[in-house]
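# Coordinate inspection notes
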Amino acid sequence: MKFLKDLWYLFVRHMMKTLRMPLWLFIGLMQPVLYLLLYMPLLKNMSGGAGIPADEIAKMFVPGMLVVMAMGQLFAGFSFIDEIRVGIIARWLVSPASRLSIILSLVGSQKITLFLQASLLVFIAFLFGLHVPVLGLVLTMVMVLLVGVAMASLSYAISLATKDESALASITNTFYLPIMLLSGIMLPISVAPQWIKTAALFNPFYYAVEGARCLFDGDYGNTMVLKGFGVVIALCVLMIWLALRALKKMAA
Amino acid sequence: MDIILQTNKLTKTFAGKGRQKKKVEAVKGVDLQVHKGEIFGFLGPNGAGKTTTLNMLTTLLAPTSGEATVVGHDLLKNPQKVREHIGYVSQAGGADTSATAKENLVLQSRLYGIPSAEAFKKAEMLIDRFQMKEFGDRKARTYSGGQRRRLDLALGIVHKPVLVFLDEPTTGLDPQSRAYFWEEIKRLKNDGMTVFLTTHYLEEADNLCDRVAIIDHGEIVAVDTTQQLKKQIGAESITVGFSNDAATEKAKAALSGQKFIEKLFPQENKLHLYVQDGGSLMPEVLRILDKENIQVQTIGLSKPSLDDVFLQKTGRSLREAGV
Ligand SMILES: Nc1ncnc2c1ncn2[C@@H]1O[C@H](COP(=O)(O)OP(=O)(O)O)[C@@H](O)[C@H]1O
Ligand SMILES: [Mg+2]
């Protein structure tokens, strides 16, 4: 099938490009290491008095960090804008290549990077004493990758619509922080005042983070797990559709 | 004559951006016919609407109105069929600079549905044909302008399109590279492809194109073979320069009635006179002006060029419209 072939060949091309820039891959992988190395000891000391075991802290914060990491895929558009500018994307669009495969190959190749980053973060968390059930970890990874799919697609959609790095930067920066704070990533929403709790209900990432925390706890039956997946999958479909539409409307 | 591309009132108006929301009428009702097997040139200054027209014809940009048939398929109803049969080398080129020429070519073949074994063979062949052996295994990031342009052109024809669009194929190249590309473009024609190229170089339109459409401000002002276009102008052109507007006006009045002048065209402080036998008529022109006591600053004689055509149709010189 032409769609699958195009998807594969384009995916291989994106991976080759990524592998040829080992510096960026290295920086991308440094990110989770820094998160944990700098953040976990802080939390450890904070909790020292309260006597919360390290395992519990990690369980609380690692899911949130994984989702933050996935949200980092919002920045996927930056190198893409350059490809729009030099005409690579227009060249593909003039060819009969499947449009959906163009978007999905880009999104997919970003998922490899995200998967490596997330795995590294979990591995280091293990060294800090994290214990999670295997199924919970696997499902959390799926959730994180789905968040990444939605974020990368959104980033490509914005890039295609604006073709401008500074526009992409200001849009992402404007939304990144409030969404992050309202998802209870860094601190649980349960300790927040009521209005923040209400606002969080409208934030799709709140469901992703809460869902992932349940999965880490092995609490698979919790409705938050289902809600988390439901919201994130809906978000993926919406964002991929947006990116596809922007691609079709892109004028060289 | 087989028609390979035909447009009917093709129009593109860009919605204005910014506060004033001023609309840009980039292409205004263009009617074109391109014949199978020819090199068709789209000549016009920067901002004339050449790229916008090409983007529409290559399915990248939706026309505001109008229609087109490209290689026998309706552009709007059947863009996928159009894509299969055309090639497009955009002004930006679009080679992937993170990959080698070979990788670029192989991927391009595959996107056109060419099987792997054949894709590799084609890549080798094109690397050979466009003399890219020396650098074909290096990443395209390291290529010189001319080398990069060779790869761009090769990418545009991997699938042997019947119609290939080249947007300003030689802009920014040194004269030697330009000559090389002219030869390669002629070779495309010899291979049976129809070439539709845009340019703002008069020499390029003149040397390379079988027929030329002159476009200005989104409108076609003339279409014909280069010979016919120049023939309409007259056999030769005498250009007389004056020191001020008053003198130009006076000279215009004095020369207007002369039978030997086929066309007379003022441009700033110059008069362009189109005549049959310029060499013997130059003294005559000077005599008339002398009689009227009009000071002549410069006088020159030239064969009419496409620039003269452009000048007559638009009132500006393409050379001076500059780029
Ligand atoms: N995306 C766009 N939005 C608004 N105006 C545009 C856009 N693209 C081109 N234009 C305008 O349309 C006109 C024609 O541009 P173009 O087709 O690129 O000319 P050419 O290729 O002949 O130099 C120019 O005035 C240009 O500024
Ligand atoms: Mg142009």
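Residues numbered from 1 in each chain as written. Chains lettered and ligands numbered in written order. Predicted model: local features only at pLDDT ≥ 70, side-chain atom pairs only at ≥ 80, totals over all residues. Heavy atoms only, no water.

A few words on the side chain of Thr170(B). All names here are of chain B. Turning to its location among the elements, Thr 170 is positioned in the loop between β7 (163-167) and α6 (175-190). Under the relative-accessibility criterion, Thr 170 is labelled buried at 0%. Discounting chain neighbours no more than four positions away, the residues touching Thr 170 are Arg 178, Phe 181, Trp 182, Tyr 201 and Glu 204. (Helix = DSSP H or I, 4+ residues; strand = E, 2+ residues; numbered from the N terminus. Buried < 20%, exposed > 50% of the residue type's maximum accessible area, 1.4 Å probe, protein only. Contact = heavy atoms within 4.5 Å.)

On to the site of ligand 1, then. Residues and elements named next belong to chain B. Residues in close proximity to ligand 1 include Phe 14, Val 24, Ala 26, Pro 45, Asn 46, Gly 47, Ala 48, Gly 49, Lys 50, Thr 51 and Thr 52, which together make up its full environment. At 3.0 Å, a backbone N or O of Gly 49 approaches an oxygen atom of ligand 1. Side-chain polar atom of Thr 51 to an oxygen atom of ligand 1: 2.7 Å apart, as the coordinates give it. Protein coverage of the free-state accessible area of ligand 1, which is 560 Å², stands at 63%. Residue assignment for the shell around ligand 1 shows that the elements contributing at least two residues are β2 (24-35) and α1 (50-57). (Near = heavy atom within 4 Å. Polar contact = N/O pair within 3.5 Å; in protein donor to acceptor, adjacent residues only side chain to side chain. Areas by Shrake-Rupley, 256 points an atom, 1.4 Å probe, with all protein chains shown as cover.)

This brings us to the domain arrangement of chain B. Partitioning chain B into structural domains gives domain 1 (3-227) and domain 2 (235-303). The C-alpha-based centres of domain 1 of chain B and domain 2 of chain B are spaced at 41 Å. (Domains from an automatic or database assignment.)

Throughout the structure, instances matching the rule amount to 10 aromatic pairs over all chains. With 5.9 Å between their ring centres and 15° between their planes, Phe75(A) and Phe78(A) make a pair best called stacked. Under the relative-accessibility criterion, Phe75(A) is labelled partly exposed at 33%. Plain terms: the ring middles of Phe40(B) and Phe196(B) are 5.1 Å apart, the flat faces sit at 75° to each other, and that makes the pair edge-to-face. Note that Phe40(B) is positioned in strand β3 (residues 39-43) and Phe196(B) in strand β8 (residues 194-199), a separation of 156 residues in sequence. On the basis of relative accessible area, Phe196(B) is assigned to the buried category, the value being 0%. A cation over a ring is seen here: Arg178(B) above Tyr201(B), with NZ or CZ 4.0 Å from the ring centre. (Phe/Tyr/Trp six-rings, centres within 6.5 Å; stacked < 30°, edge-to-face > 60°. Lys NZ or Arg CZ within 6 Å of the ring centre and 35° of its normal.)

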